[in-house]
Amino acid sequence: MIFKVYYQPTKRINPRRENTETLYLEAKSEVEARLLVEENTEYNVEFIEGLDDKTLEYEKQSENFELTEF
């Protein structure tokens, strides 16, 4: 499944909406997605959203869509 991860670029800054960034990754579950991000980055994960087929097709139309691999 593809997950959209909302995160802050570093764990040292207080979460603020204008600092929130996103990435997309493939994982078996939300827990696995969170572990992948936490083990491979310094990001402060805010929220993880599983994408159904319809939403994924919509997200792929964005110029920012890129599947992250760890």
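In this text, all values refer to a predicted model and were calculated from it rather than measured experimentally.

Asker: Got a minute to help me understand the overall build of the chain in this structure?
Answerer: Secondary structure assignment for the chain yields 2 helices and 4 strands. Each helix and strand of the chain, ordered N terminal to C terminal, gives the series β-β-α-β-α-β. Principal-axis analysis of the C-alpha atoms gives the chain an extent of 35 × 25 × 15 Å. For the chain, buried positions account for 26% of its 70 residues. Nonlocal contacts in the chain, meaning residues at least 24 apart in sequence, comprise 59% of its contacts between residues at least 6 apart. Carbon and sulfur atoms make up 43% of the accessible area of the chain, which amounts to about 5,200 Å² in all. Side-chain charges in the chain split into 9 positive and 17 negative, and the spacing between the mean points of these groups amounts to 5 Å.

Asker: I tried to follow the sheet that holds strand β4 (residues 67–68) on my own but got confused; where do I start?
Answerer: Strand order in this open sheet of 4 strands is β3-β1-β2-β4, and the pairing throughout is mixed. Of all strands in the sheet, those with a lone pairing partner are β3 (44–50) and β4, marking the two edges. Looking at chain direction, strand β2 (residues 21–26) and β4 are connected through 2 bridges and run parallel. Along β4, the bridge assignment pairs Leu25 with Thr68.

Scoring rules and cut-offs
Residues numbered from 1 in each chain as written. Predicted model: local features only at pLDDT ≥ 70, side-chain atom pairs only at ≥ 80, totals over all residues. Heavy atoms only, no water. Helix = DSSP H or I, 4+ residues; strand = E, 2+ residues; numbered from the N terminus. Buried < 20%, exposed > 50% of the residue type's maximum accessible area, 1.4 Å probe, protein only. Contact = heavy atoms within 4.5 Å. Areas by Shrake-Rupley, 256 points an atom, 1.4 Å probe, with all protein chains shown as cover. Lys, Arg positive; Asp, Glu negative; His and termini not counted. Charge placed at Lys NZ, Arg CZ, Asp CG, Glu CD. Pairing = 2+ DSSP bridges.

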